[in-house]
Amino acid sequence: MSKKILLCDDAPTALKLMEMVLGDEGYEIFKAENAEQAIKSLELNGPFDGCVFDVNMPGKNGIELSRDFLAHPKGAGANIVIVSTESSDHLRQAGKDAGVKAWIVKPFDDEDLIEVLKRITT
(Lines give C-alpha, C1' and ligand atoms only; values in the text may rest on other atoms or scores of the structure.)
Protein backbone atom coordinates (compact mmCIF):
# COMPACT_ATOMS: atom_id res chain seq x y z
CA MET A 1 0.00 0.00 0.00
CA SER A 2 1.43 3.37 -0.97
CA LYS A 3 2.04 6.09 1.57
CA LYS A 4 -0.31 9.06 1.57
CA ILE A 5 1.26 12.52 1.29
CA LEU A 6 -0.51 15.87 1.60
CA LEU A 7 1.06 18.79 -0.28
CA CYS A 8 0.03 22.35 0.60
CA ASP A 9 1.41 25.26 -1.41
CA ASP A 10 -0.35 28.28 -2.90
CA ALA A 11 1.86 28.12 -6.03
CA PRO A 12 0.24 25.76 -8.58
CA THR A 13 3.58 25.13 -10.30
CA ALA A 14 5.23 24.08 -7.05
CA LEU A 15 2.32 21.74 -6.27
CA LYS A 16 2.50 20.16 -9.72
CA LEU A 17 6.27 19.64 -9.57
CA MET A 18 6.13 18.03 -6.11
CA GLU A 19 3.18 15.89 -7.22
CA MET A 20 5.14 14.62 -10.23
CA VAL A 21 8.33 13.92 -8.25
CA LEU A 22 6.59 12.17 -5.37
CA GLY A 23 4.04 10.41 -7.56
CA ASP A 24 6.91 8.87 -9.51
CA GLU A 25 8.18 7.50 -6.18
CA GLY A 26 4.88 5.70 -5.63
CA TYR A 27 3.31 8.05 -3.09
CA GLU A 28 -0.44 8.69 -3.16
CA ILE A 29 -0.69 12.48 -3.43
CA PHE A 30 -3.33 14.85 -2.08
CA LYS A 31 -3.08 18.58 -2.78
CA ALA A 32 -4.26 21.76 -1.10
CA GLU A 33 -3.66 25.39 -2.04
CA ASN A 34 -4.14 26.84 1.45
CA ALA A 35 -4.46 25.86 5.11
CA GLU A 36 -8.26 25.64 4.97
CA GLN A 37 -8.14 23.14 2.10
CA ALA A 38 -5.41 21.16 3.89
CA ILE A 39 -7.55 20.76 7.02
CA LYS A 40 -10.54 19.75 4.88
CA SER A 41 -8.38 17.15 3.13
CA LEU A 42 -7.21 15.87 6.51
CA GLU A 43 -10.82 15.45 7.62
CA LEU A 44 -11.81 13.68 4.38
CA ASN A 45 -8.65 11.71 3.52
CA GLY A 46 -6.50 11.59 6.65
CA PRO A 47 -4.49 10.50 8.37
CA PHE A 48 -1.46 11.05 6.14
CA ASP A 49 1.97 9.42 6.32
CA GLY A 50 3.66 12.71 5.49
CA CYS A 51 2.89 16.34 4.74
CA VAL A 52 4.79 19.01 2.81
CA PHE A 53 3.75 22.58 3.58
CA ASP A 54 4.92 25.93 2.24
CA VAL A 55 5.38 28.74 4.79
CA ASN A 56 4.18 31.80 2.89
CA MET A 57 0.54 31.32 1.96
CA PRO A 58 -2.52 33.56 2.15
CA GLY A 59 -4.45 33.13 5.38
CA LYS A 60 -2.64 30.84 7.77
CA ASN A 61 1.02 30.21 7.03
CA GLY A 62 2.61 26.78 7.00
CA ILE A 63 3.76 26.98 10.60
CA GLU A 64 0.27 27.88 11.81
CA LEU A 65 -1.12 25.10 9.61
CA SER A 66 1.35 22.64 11.14
CA ARG A 67 0.20 23.55 14.64
CA ASP A 68 -3.51 23.20 13.71
CA PHE A 69 -2.86 20.00 11.75
CA LEU A 70 -1.08 18.30 14.65
CA ALA A 71 -3.85 19.36 17.07
CA HIS A 72 -6.48 17.64 14.91
CA PRO A 73 -7.35 14.04 15.92
CA LYS A 74 -6.48 12.72 12.43
CA GLY A 75 -3.29 14.80 12.30
CA ALA A 76 -1.77 13.90 15.65
CA GLY A 77 1.78 12.70 15.15
CA ALA A 78 1.88 13.72 11.48
CA ASN A 79 5.30 13.92 9.82
CA ILE A 80 5.48 17.47 8.46
CA VAL A 81 8.15 18.94 6.20
CA ILE A 82 8.29 22.65 5.46
CA VAL A 83 9.46 23.56 1.95
CA SER A 84 10.03 27.30 1.67
CA THR A 85 12.20 30.10 0.38
CA GLU A 86 12.35 31.22 4.02
CA SER A 87 15.39 29.99 5.93
CA SER A 88 15.78 32.21 9.00
CA ASP A 89 16.70 30.57 12.28
CA HIS A 90 13.69 32.28 13.88
CA LEU A 91 11.22 30.67 11.45
CA ARG A 92 12.94 27.30 11.61
CA GLN A 93 12.69 27.36 15.40
CA ALA A 94 9.00 28.36 15.18
CA GLY A 95 8.47 25.40 12.87
CA LYS A 96 10.27 23.05 15.23
CA ASP A 97 8.22 24.39 18.15
CA ALA A 98 5.05 23.73 16.10
CA GLY A 99 6.09 20.10 15.53
CA VAL A 100 7.68 20.28 12.06
CA LYS A 101 10.09 17.37 11.48
CA ALA A 102 12.22 18.86 8.66
CA TRP A 103 12.82 22.08 6.71
CA ILE A 104 13.93 22.26 3.07
CA VAL A 105 14.85 25.56 1.42
CA LYS A 106 13.55 26.29 -2.10
CA PRO A 107 14.87 25.79 -4.67
CA PHE A 108 15.76 22.22 -3.76
CA ASP A 109 16.86 19.05 -5.52
CA ASP A 110 14.07 16.52 -6.02
CA GLU A 111 16.23 13.90 -4.32
CA ASP A 112 16.40 16.02 -1.15
CA LEU A 113 12.61 15.99 -0.81
CA ILE A 114 12.42 12.27 -1.58
CA GLU A 115 15.10 11.41 0.97
CA VAL A 116 13.59 13.55 3.73
CA LEU A 117 10.14 12.02 3.21
CA LYS A 118 11.59 8.50 3.20
CA ARG A 119 13.45 9.23 6.42
CA ILE A 120 10.53 10.71 8.35
CA THR A 121 7.82 8.30 7.11
CA THR A 122 9.60 5.02 7.91
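Residues numbered from 1 in each chain as written. Predicted model: local features only at pLDDT ≥ 70, side-chain atom pairs only at ≥ 80, totals over all residues. Heavy atoms only, no water.

Looking up the chain in an unreviewed UniProt entry gives the name Response regulator, with the organism given as Leptospira noumeaensis.

Draft legend 1. Quick look at the side chain of Ser-66. Mapped onto the fold, Ser-66 is located in helix 3 (residues 62–71). Judged by relative accessible area, Ser-66 falls into the buried class, the value being 0%. There is a polar contact of 2.8 Å between the side chain of Ser-66 and the backbone oxygen of Gly-62. With residues near it in sequence (within four places) discarded, Ser-66 still touches Phe-53, Ile-80, Ile-82, Ala-98 and Val-100. (Helix = DSSP H or I, 4+ residues; strand = E, 2+ residues; numbered from the N terminus. Buried < 20%, exposed > 50% of the residue type's maximum accessible area, 1.4 Å probe, protein only. Polar contact = N/O pair within 3.5 Å; in protein donor to acceptor, adjacent residues only side chain to side chain. Contact = heavy atoms within 4.5 Å.)

Draft legend 2. Focus on the UniProt feature "modified residue: 4-aspartylphosphate" (unreviewed entry) in the chain. Look at the UniProt record and you will see "modified residue: 4-aspartylphosphate" (unreviewed entry) annotated at Asp-54. Mapped onto the elements, Asp-54 comes out in the loop between strand 3 (50–53) and helix 3. Among residues more than four places away in sequence, those in contact with Asp-54 are Cys-8, Asp-9, Asp-10, Gly-62, Val-83, Ser-84 and Lys-106. (UniProt positions renumbered as here; feature names shortened; annotations may be inferred.)

Draft legend 3. Focus on the nonpolar core. Judged by nonpolar contacts, the single largest core of 23 residues is most densely connected at Leu-6, Cys-51, Phe-53, Leu-65 and Phe-69. Listing elements by their share of this core, those giving two or more residues are strand 1 (4–8), strand 2 (28–32), helix 2 (35–45), strand 3, helix 3, strand 4 (80–84) and helix 4 (89–98). Considering each element in turn, this core owes the most residues, four residues, to helix 2. Core analysis: the next-biggest nonpolar cluster, separate from the first, contains 18 residues, Ile-5, Leu-7, Ile-29 and Ala-102 among them. (Core = buried A, V, L, I, M, F, W, Y, C linked by side-chain atoms within 4.5 Å.)

Draft legend 4. Focus on the packing of aromatic side chains. Within this structure, the stated rule accounts for two aromatic pairs. Ring plane angle 70° and centroid distance 5.3 Å describe the contact between Phe-30 and Phe-48, whose orientation is recorded as edge-to-face. Here Phe-30 is found in strand 2, whereas its partner Phe-48 is found in the loop between helix 2 and strand 3, with 18 residues between them in sequence. Each member of the pair Phe-30 and Phe-48 is classed as buried. Summarising the aromatic geometry, the rings of Phe-53 and Phe-69 are spaced 5.4 Å apart at their centres and angled 70° between planes, so their arrangement reads as edge-to-face. Residue Phe-53 is found in strand 3, and its partner Phe-69 is found in helix 3; the two are separated by 16 residues along the sequence. By the burial criterion, Phe-53 is buried, and Phe-69 matches it. The aromatic ring of Phe-48 is capped on one face by Lys-4, whose charged end is 5.5 Å from the ring centroid. (Phe/Tyr/Trp six-rings, centres within 6.5 Å; stacked < 30°, edge-to-face > 60°. Lys NZ or Arg CZ within 6 Å of the ring centre and 35° of its normal.)

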